[in-house]
Structures are given as structure tokens and as C-alpha cells.
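Structural description and commentary
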Amino acid sequence: MNRDEVNRTIIFDEVVSITKIPTNQIIELKYCQYLVDTENRSVCTNIKGYFCNAFREDDAQNRTEANSQGYFDEDPVWKSLVEHEYLHSLISELLYDRPSLVLETESGGKFHPSWLRYQEEALVIGVQYLLNHDENRDELWTTTFKLVFENSDLKIIGVDWLVDQCKFRIADLWSRIEKDSQI
Ligand SMILES: [Zn+2]
């Protein structure tokens, strides 16, 4: 196993642990607060006082969508929603050091152009797919990032650089979340 393979494996394990999201308590990230409300089956992201609430009907279409992203356990629509909204913020903070452009636009706080929002959406869905498809994770991880960052506004030197960034920032963020949840 070379250095890059080791890095990708470590990152994947850390992302998996991060998605064990605490419920009914506010999760403090750098640019937002996230709340999973199990009673009302909704999630809420607070970005600088602007609220983005999300709810997803548990119907046939949404179940098919959740299944296509690899959610097959009980409550696939709900689980997919909780992770999806969280990953919007998490990925934006980890990779770009900014709040989610999608959620910030939807909250009415600040508008961001659609092509940037689609790029973020693709990355979130790509990571969700990755988290649920363990067997091909190394290949998929690389492919996802290559796809997302092709033609993007970022000057990405290479996938390895990005992987290093993720590893460092995920570890940092996870330690802060753990610390907050002990209070
Ligand atoms: Zn989304």
C-alpha cells in the first residue's frame, strides 16, 4: 500500500464516523449550526441567523432516490436527508472554508449562482454514494473528485492534495464536534 492509498483509507474511515450524527442537539460547525429534529422529522441549518429547514416526504419517488444513493436500511429517506444536509455544510467547510452555498442561498441569506450550487450538490451526492459503497471506495473517491473539480473555479493541483486537505480538516472538525458534544 503506498502513501496515497493509506491517506484515502484514513479519510474514508473518518468521514464514516462523522456521519454518525447526533440527534436533537445542536451541532456547532465553523460557519453554521445544524439540528436534527427526530420528532418533527426535519433538519435545520442556521447560517448567520438565516434558517434553512429541510423535510422530505417518505414516498415512492424519494425512496427510489435514496435507494439509488445506497440507502436500503430502515428509514432510507430520512437517513439520506439527515446526511445530505449535514454534508452540504461539512464539505463546504472542509474543502473551501466557507458555509454551504446551496443552504445559504435557500435560507435567503445570500445568493450564489446556480453553477456553483450544482457543483456542491454533485459533490454531496457523490460523497453519500461513496459512504454507502464500501467495496469500491478508493476508486470512487478519486473519480468523484475528478468529476466534480473538472471545469470548476478551483485550481486543484491534484487529487492527492485534496485528499491531504480533507484528512487534516476532517480530523480537526471531528475533534471539535466531540468536544462540543461533551459539554
Ligand atoms: Zn442538496
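For the structure itself, look to the data block above.
Predicted model only: the values in this text are computed from it and were never measured.

What to know about unusual backbone geometry
You will see that Lys-48, though not glycine, has its phi angle at about 50°, which is positive. Positive phi, normally seen in glycine, also occurs at Asp-75, with a value near 60°. The residue Asp-75 is located in the loop between α2 (60-68) and α3 (76-96) in this model. Residue classification places Asp-75 among the partly exposed positions, given that 14 C-beta atoms sit within 10 Å.

Things to note about the environment of Leu-94
Summarising the element assignment, Leu-94 is placed in helix α3. Since 22 C-beta atoms lie within 10 Å of it, Leu-94 is described here as buried. For the pair Leu-94 and Lys-30, spaced 64 residues apart in the sequence, the C-alpha separation amounts to 9.8 Å.

Concerning α3
The end-to-end C-alpha separation of α3 is 29 Å, in line with the 30 Å expected for 21 residues at 1.5 Å each. In terms of residue burial, α3 counts as a mostly covered element, since 16 of its 21 residues are buried. Looking one or two residues beyond α3, the residue adopting positive phi is Asp-97, at roughly 55°.

Describing the pairing of strand β2 (residues 33-37)
Of the two faces of β2, only one is covered, namely that formed by Tyr-34 and Val-36; the face formed by Gln-33, Leu-35 and Asp-37 stays uncovered. The sheet contact formed by strand β1 (residues 27-28) and β2 spans two bridges and is antiparallel. Residue Ile-27 lies in a different strand from β2, and its bridge partner there is Tyr-34. Counted between consecutive antiparallel strands, the loop separating β1 from β2 contains four residues. Here β2 pairs with strand β3 (residues 42-47) via five bridges, running antiparallel. Paired with Tyr-34 across the two strands is Thr-45, which belongs to β3.

Reading the values: rules and limits
Residues numbered from 1 in each chain as written. Predicted model: local features only at pLDDT ≥ 70, side-chain atom pairs only at ≥ 80, totals over all residues. Helix = DSSP H or I, 4+ residues; strand = E, 2+ residues; numbered from the N terminus. Buried ≥ 20, exposed ≤ 12 C-beta atoms within 10 Å, placed from the backbone. Expected span 1.5 Å × (residues − 1). Pairing = 2+ DSSP bridges.

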